[in-house]
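Okay, here's what each chain looks like letter by letter:
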Amino acid sequence: MDLPKCMKCDGGQLVPLSDYGTDGSSVLYKAWVCISPSCGFSIRIDKGQVTYGKKVETTSR
């Protein structure tokens, strides 16, 4: 699979991420995230709303 180039940083690629819905069904390609740590661009779908531009950050549990 050819991965798309990130148009924000022009140096990374966007990789797809999957998740599970509230009813337990799988949601393929719910988000696409830039693999460049300095960029962190993402585009995602949540409950039918498309959001983009939020930097992906690490959280501690």
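Structural data are supplied above this passage.
Keep in mind the model is a prediction, meaning the values are calculated, not measured.

Concerning the state of the cysteines
Summed over the entire model, instances satisfying the criterion amount to zero disulfides. Summary of cysteine pairing: Cys-9 is not part of a disulfide, and the nearest cysteine sulfur, belonging to Cys-34, is at 3.8 Å. Among the residues examined, Cys-34 registers a relative accessible area of 6% and is labelled buried.

Digging into the environment of Thr-51
Position of Thr-51 among the secondary structure elements: in strand 4 (residues 49–52). Linking Thr-51 and Ala-31, residues 20 residues apart in sequence, is a C-alpha distance of 9.4 Å. Among residues more than four places away in sequence, those in contact with Thr-51 are Ser-42, Ile-43 and Arg-44.

Thoughts on unusual backbone geometry
Residue Asp-10 is not a glycine yet carries a positive backbone phi of 65°. Looking at the secondary structure, you find Asp-10 in the segment before strand 1 (14–20). The class of Asp-10 is exposed, set by a relative accessible area of 52%. A positive phi is found at Tyr-29, a non-glycine position, where the angle reads about 55°. In this fold, Tyr-29 is placed in strand 2 (residues 26–34). The exposure class assigned to Tyr-29 is partly exposed, which follows from its relative accessible area of 41%.

Conventions adopted
Residues numbered from 1 in each chain as written. Predicted model: local features only at pLDDT ≥ 70, side-chain atom pairs only at ≥ 80, totals over all residues. Heavy atoms only, no water. Disulfide = S-S within 2.5 Å. Buried < 20%, exposed > 50% of the residue type's maximum accessible area, 1.4 Å probe, protein only. Helix = DSSP H or I, 4+ residues; strand = E, 2+ residues; numbered from the N terminus. Contact = heavy atoms within 4.5 Å.

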